[in-house]
Amino acid sequence: MAALRLETCHVACSANRTPNVVSWGRGGTLAFGTCNSVALYEPQERRVLSMLNGHTARVNAVRWVHKDDGAPETHLVSGGSDSRLLVWAAHNGKFVQSTECKGHTGAVCAVDALYAGPSILVASAAADSSVRLWLCGDAKEAECLHSLTFGGGFMMDVSLSLLPGTKGTLYNLCSLFSLLVIHVLHLSPLAVPILACGGDDSRVHLYVQSPEKQKLQRVMMLQGHEDWVRGVAWTSVGGELLLASCSQDCLIRVWRLRAKSGSGARAEGEQDDAVIKMKEDVFGLEEQEGDSGAVFAVALETVLAGHENWVYGVHWQPPTYEGGKRHESLSLLSASMDKTMILWTPDQASGVWMEQVRVGEVGGNTLGFYGCQMSPDACMILAHAFHGALHLWSKDAISGEWRPDVVLSGHFDAVQDLSWDPEGEFVISVSSDQTARLFTPWRSKPGGGRRPTWHEISRPQIHGYDMQCLATLGRFMLVSGADEKVLRVFQAPRNFVENLANISGTSREELLASDVRIPWRRLGNVARCTGPDFCTFSLAGLRPAARRRQHACVGIVQQGRLSRQDGLGRGVLPFGRRTLKTPLLSLTGDPGPASKDGQEKFSSVSDQYQEFYFQPVNMSAPPPEDDLLQNTLWPEVQKLYGHGFEMFCLAADSGGTVVASACKASKAEHASVLLWSTATWRQLQALPCHSLTVTQMAFSPDGAMLLLVSRDRTWSLWRRHQAGPEPDYGLYARTTKDTSVHSRIIWSCDWSPDGSYFVTSSRDKKVIVWGPCSKDQHGDSVAPRQVKPSSSILDVADSATAVAFCPRLCSDNSYLLAVGLESGRITVYGWRPDEDPAGGQDWIRYGETEPWQSHTLAVKRLRWRPRAGRAGRAGVSEESAWLQLASAGADHAVKIFDINAEAL
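Because the structure is a prediction, the values reported are computed rather than measured.

A.B. asks: Sorry if this is basic, but what is going on with the overall build of the protein here?
C.D. replies: Within the protein, the regular secondary structure consists of six helices and 63 strands. Residues counted as buried form 58% of the 904 residues belonging to the protein. For the protein, contacts bridging at least 24 residues in sequence account for 56% of all contacts bridging at least 6. Only carbon and sulfur atoms are counted for the fraction: they give 48% of the accessible area of the protein, which is about 36600 Å².

A.B. asks: How should helix α2 (residues 494-504) be read in this particular structure?
C.D. replies: Every α-helical turn comprises 3.6 residues, leaving residues that sit three or four positions apart pointing alike. Along α2, eight of the 11 residues are buried, which leaves the element largely enclosed by surrounding structure. Among the residues of α2, those classed as buried are Asn495, Phe496, Val497, Glu498, Asn499, Leu500, Ala501 and Ile503. Immediately downstream of α2, the backbone of Gly505 shows phi near 80°, a positive value.

A.B. asks: Looking at this structure, how should I read the confidence of the model for the protein?
C.D. replies: Should pLDDT be low for a region, the predicted coordinates there are not to be read in detail. Averaged over every residue, the pLDDT of the protein is 83; the share at 70 or more is 79%. Note on residues 609-614: pLDDT under 50 across the span, and 17 contacts to partners over four residues away in sequence or across chains.

A.B. asks: Is there a simple way to explain the pattern of salt bridges in this structure?
C.D. replies: Side-chain pairs of opposite charge can arise where the charged atoms are in close proximity. Per the stated rule, a full pass over the model turns up 35 salt bridges. Arg84 is the partner of Glu100 in a salt bridge, and the nearest nitrogen-oxygen pair spans 3.0 Å. Of this pair, Glu100 sits in strand β9 (residues 94-102) while Arg84 sits in strand β8 (residues 84-91); the two residues are 16 residues apart in sequence, bridging distant segments of the chain. There is no split in this pair, since Glu100 and Arg84 are both buried. The partner of Arg867 in a salt bridge is Glu423, with the nearest N and O atoms 3.1 Å apart. One end of the pair, Arg867, is in the loop between β61 (859-864) and β62 (882-889); the other, Glu423, is in the loop between β33 (415-420) and β34 (427-431), and 444 residues separate them in sequence. Where salt bridges share partners, they join Asp82, Arg84, Glu100, Lys102 and Glu141 into one cluster.

A.B. asks: In this structure, what is going on with the sheet that holds strand β58 (residues 815-821)? I would like to understand it.
C.D. replies: Two modes of strand pairing occur in sheets, parallel and antiparallel, and in both the strands are linked by backbone hydrogen bonds. Within the open sheet, the four strands sit side by side as β57-β58-β59-β60. Their pairing is antiparallel. Each edge of the sheet is formed by a strand with only one pairing partner; in this case those strands are β57 (800-805) and β60 (843-848). In this sheet, adjacent strand axes meet at a mean angle of 25° when their direction is disregarded. Bridge count between β58 and strand β59 (residues 826-831): six bridges; the pairing is antiparallel.

A.B. asks: So what exactly am I meant to see when it comes to the sheet that holds β61 here?
C.D. replies: The four strands lie next to each other as β1-β63-β62-β61, forming an open sheet whose pairing is antiparallel. Looking along the sheet, the strands with just one partner apiece sit at the ends: β1 (6-12) and β61. The average undirected angle you get between the axes of adjacent strands in this sheet is 20°. As defined by bridge partners, β1 adjoins strand β63 (residues 894-900) across six bridges and the pair is classed as antiparallel. By the bridge assignment for β63, Val11 is matched with Lys895.

A.B. asks: Explain unusual backbone geometry here, please?
C.D. replies: The linkage connecting Gly771 with the following residue, Pro772, adopts the cis geometry, with an omega of -5°. In this structure, Pro772 sits in the loop between β55 (766-770) and β56 (794-795). The residue Ala378 is not glycine, and still its phi comes out positive at about 60°. One can find Ala378 in the loop between β29 (369-374) and β30 (380-385).

A.B. asks: It is not clear to me how the packing of aromatic side chains should be interpreted in this structure. Could you clarify?
C.D. replies: Counting across every chain of the model gives 24 aromatic pairs. With a centroid separation of 6.0 Å and an interplanar angle of 85°, the aromatic rings of Trp420 and Trp454 are classed as edge-to-face. Note that Trp420 is positioned in strand β33 and Trp454 in strand β36 (residues 453-462), a separation of 34 residues in sequence. Trp454 sits in the buried class, given a relative accessible area of 3%. Grouped by ring-pair contacts, the aromatic residues Tyr757, Phe805, Tyr815, Tyr829, Trp831 and Trp843 constitute a single cluster. Stacked on the ring of Phe386, the Lys or Arg Arg17 has its end atom at 4.1 Å from the ring centre. The positively charged end of Arg870 is found above the aromatic ring belonging to Trp882, 4.3 Å away from the centroid.

A.B. asks: Just to check I follow, could you spell out the nonpolar core for this structure?
C.D. replies: The tendency in soluble globular proteins is for nonpolar side chains to be buried as a group. Membership of the largest hydrophobic core comes to 24 residues, with the highest contact counts inside it found for Ile428, Leu438, Phe476, Phe496, Leu500 and Trp634. With five residues, the top contributor of residues to this core is α2. Among residues more than four places away in sequence, those in contact with Phe496 are Leu438, Ile457, Ser458, Phe476 and Trp634. If you look at the next biggest cluster of nonpolar residues, it comprises 21 residues, including Ala196, Val204, Val232 and Leu241.

A.B. asks: Is there a simple way to think about the pairing of strand β6 (residues 59-64) in this case?
C.D. replies: If a strand is regular, its side chains alternate between the two faces of the sheet. The element β6 is extensively covered by neighbouring structure, given that six of its six residues are classed as buried. As defined by bridge partners, β6 adjoins strand β7 (residues 75-80) across five bridges and the pair is classed as antiparallel. When the bridges of β7 are listed, Arg63 appears paired with Val77.

A.B. asks: Explain the environment of Ile194 to me, please; I cannot follow it from the model alone.
C.D. replies: Relative to the assigned elements, Ile194 resides in strand β15 (residues 193-199). Each C-alpha atom of the pair Ile194 and Trp234 lies 9.7 Å from the other, and the pair is 40 residues apart in sequence. Not counting the four nearest positions on each side in its chain, Ile194 is found in contact with Ser159, Leu160, Ser161, Leu162, Leu163, Tyr207, Val208, Trp234, Leu241, Leu257 and Phe283.

A.B. asks: What am I meant to see in the side chain of Asp750 here?
C.D. replies: Relative to the helices and strands, Asp750 is located in strand β53 (residues 746-751). One buried charged residue, Asp750, forms no salt bridge at all, with the nearest opposite charge on Arg863 at 6.2 Å. Within the structure, Asp750 has its side chain in polar contact with the backbone nitrogen of Phe805 (distance 2.7 Å). Discounting chain neighbours no more than four positions away, the residues touching Asp750 are Ala698, Tyr757, Phe758, Val759, Val803, Ala804 and Phe805.

A.B. asks: Could you clarify how one ought to interpret the state of the cysteines in this entry?
C.D. replies: Such a bond, covalent and formed between the sulfur atoms of two cysteines, is termed a disulfide. Under the definition given, this model contains zero disulfides. In this structure Cys810 is not part of a disulfide, and its nearest cysteine sulfur, from Cys806, lies 7.1 Å away. With relative accessibility at 8%, the residue Cys810 sits in the buried group.

A.B. asks: Could you clarify how one ought to interpret the environment of Ala651 in this entry?
C.D. replies: Here Ala651 is to be found in strand β45 (residues 647-652). In this structure Ala651 comes out as buried when scored by relative accessible area, which is 7%. Taking C-alpha positions, Ala651 is 9.7 Å from Leu473, a pair spaced 178 residues apart along the chain. Residue contacts for Ala651: discarding those within four places in its chain leaves Ala471, Val658, Val659, Ala660, Met697, Ala698 and Phe699.

A.B. asks: Sorry if this is basic, but what is going on with the environment of Met156 here?
C.D. replies: With respect to the helices, strands and loops of the structure, Met156 is situated in strand β14 (residues 155-162). Look at Met156 and you get buried, because its relative accessible area is 15%. Once the C-alpha coordinates of Met156 and Val229 are considered, the two residues, 73 residues apart in sequence, prove to be 6.9 Å apart.

About the cut-offs
Per chain, residue numbering runs from 1 following the sequence as it is written. Residue-level local features of this predicted model are given only where pLDDT is at least 70; pairs of side-chain atoms are given and counted only at 80 or more, and the full residue set underlies all totals for whole chains, interfaces and linings. No hydrogens and no water enter the side-chain calculation; it runs on all heavy atoms of the structure. Helix and strand assignments follow DSSP, with helices taken as H or I runs no shorter than four residues and strands as E runs no shorter than two, numbered in order from the N terminus. For the exposure calls, accessible area comes from a 1.4 Å probe over protein chains only, and a residue counts as buried if that area is under 20% of its type's maximum, exposed if over 50%, partly exposed in between. In this analysis, two residues are considered to be in contact whenever any of their non-hydrogen atoms come within 4.5 Å of each other. Areas reported here follow the Shrake-Rupley algorithm with a probe of radius 1.4 Å; residue values treat only the protein chains shown as occluding. Residue-level confidence of the predictor, termed pLDDT, takes values from 0 up to 100. Each salt bridge in this description consists of a side-chain nitrogen of Lys or Arg and a carboxyl oxygen of Asp or Glu lying within 4 Å of one another. When DSSP finds two or more bridges between two strands, those strands count as paired. Helix axes are fitted only over the stretch in contact, all axes being lines through C-alpha atoms; the angle between N-to-C directions runs from 0 to 180 degrees. Aromatic pairing here means that ring centres of Phe, Tyr or Trp (its six-membered ring) are within 6.5 Å. Orientation follows from the plane angle: under 30 degrees is stacked, over 60 is edge-to-face, and everything else is tilted. Whether a charge sits over a ring comes down to the Lys NZ or Arg CZ being within 6 Å of the ring centre and within 35 degrees of the ring normal. Among buried residues, those of type Ala, Val, Leu, Ile, Met, Phe, Trp, Tyr and Cys that are joined through side-chain atoms within 4.5 Å constitute a nonpolar core. Note on charges: Lys and Arg go in the positive column, Asp and Glu in the negative column, and His and the chain ends are not counted at all. Any pair of nitrogen or oxygen atoms within 3.5 Å is treated as a polar contact; in protein, a donor-acceptor pairing is required on top of that, and neighbouring residues in sequence qualify only through side-chain atoms on both sides. To count as a disulfide, a pair of cysteine sulfur atoms needs to be within 2.5 Å.

Given below as structure tokens:
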């Protein structure tokens, strides 16, 4: 039997909300920290190349180690909240952990690095109020060369460079590493590193190596900022160094450092009365034996004022290399909390620094940018925002205009649940980041050879509570539950269906005909619909902040304008503070009341303000973050009340007629599962059985059975009675504390594709298949039946947090099963019901995810694509041999895997 072929198709993730977490390499690869991992992303191919898993806490800082010749990097440095620095090295086309730096006692917040001969010199700043300098060689652990402490202060950023005129080898390397440590930083006068540190004392500290004392010495403090210095960055231009520093005072300062000539240059430089010069501060290096000390001068070059909020990041344009020669372009990129990036360049004639380009979002209710990066060719600029989103702009080669471009997106908190649509064309996920997101494949060049890439094309819901669960009702309706007591039902607007058709390449008529629930004739009690393009809905019930975030829902489905009937239309404005009830939309575009002479009448002072117009957005490519936030929301069509505590899990039958919901519970009276009719949105019945929270539910493929698993370590099975006009479920089988095989919380469950068996997985590391379940209609007796284990107990050596049966049988009629573990690994097993369970012979372990493929935290949910083949590749003859598995993790990631079924 061939080995399992498991490939990563897509990883949806976002950058951590720290300033120094993104770095753009000279080879074009973007590295950024996402939860406990470092993601390597290729912007040109629009896909994640690899995930570097090694940290045990959040990654706060990432930095490529650039080469002097501009070649693609082979080393990467990352620092995290686990107080460690990891150096990653390229090996056989993949990056592996090579060196670890241990010594900090607080979270590492900033790193920088440069090559020191065959070794790497690394500087790091941490929350323990220290800055450390490391030398990373071939050993597994790096040696800490120097440690600078700042008492109660903190350094926010560090930047390393070489003093002007440096050439050749940085260190006098010895043959033995021990001798290297003894003589560490015994420098040539032409090879002196300089370290810049920006801190909360509003100053920039400069440190250089003292060759005689063998330690870092502070040579200068650059003053001028009036608030915390958030970022510092060196660049080399014309044999001199430029240092950019940005601060919370909304300003950027550029400092010029140059070597002064002449032996008597330790004092102030000679003054020329005919030329106005900035005041220079000088410092010198201590003389070494046989050498005269070098003298350097630092002067303020310019102050850049253009941002209106804290400036968090600065980044110099990378140098280019042609014919082996280095070409330096003086250009500085800055990012601010005012949600803009500015590209600064000096005027060629006057030398005055000017704002060349400004991009970003003006207005809105989101926080701004944490950092910025520029591509090696300076044709793309990128920023990462407070909510982890990457914002990418590309420069048009013909017009020179900067336009938003397609880039990776994902959740910025734990992903709790996900689901495929019934046709397997897109995935919807919900997260503790209070959003629901929809991902689908997109082929950027129709008919071309490039394989499709997955992207987020809609954000159906932005909530005021952490979201926990969802269930899909057909293709274009979903039910979601959050840390509130209410279930919310959402219906896709027609504009979304049109955009999905444009992006996925599927016929719009085919999409509309694929779901009987798509007609906008009936959307529930709170919505009033008059046509396929128009729908009104209610935002009442959300917190005021959440309601303001949801205001743009109206604009998705409305081609006219808001009317001011009853004075309620004003509530949908971005900063409106009036309570919104049910907005009434004008379908005719009537401009409102006006007098006979054409002058508009105002019934109140608020009516004098200009009214906002909303237009549906037509998309042929995945939308940028700004559109996702405001133009891709789905209207809410119903609320379901009945639970007394926070929602925990949801399930819907395959026909979309019944929804089951459960909430958190510490008593039996609250652990009842509620069943809802999707035809009337009325509560059908309550299913009391368990004494603690029901952790997951699953309907059998034919909807005849409902399986519940609980924190009380038991499961219950409910069978649907056919008598009566509405569904009615009765208890069919259950386990008790005496008969339950599981000894810990049962986390997950699922049904086999034929509905004969179901599987449970638990914190006790056990996975068990139960059944067979009888499909007869004669089980209405009062006493529940007994359903016993059909498989041997599968010990997966870790808490099994997610489990899923593949909807397709293997060639030998065995069942395929995926198990997600608390460690983040996903393992694929085969189970043969015909084999003797004694000794575990009925289980076959096909394989598991590689460390770089796995999640770094618990797998929260696993879902197989409901049909064979890979989404977005219809018509390819080999597609029947492939399966797709989607996973949701507590590490903020949604991952989609391709599995070759021929190997099974």
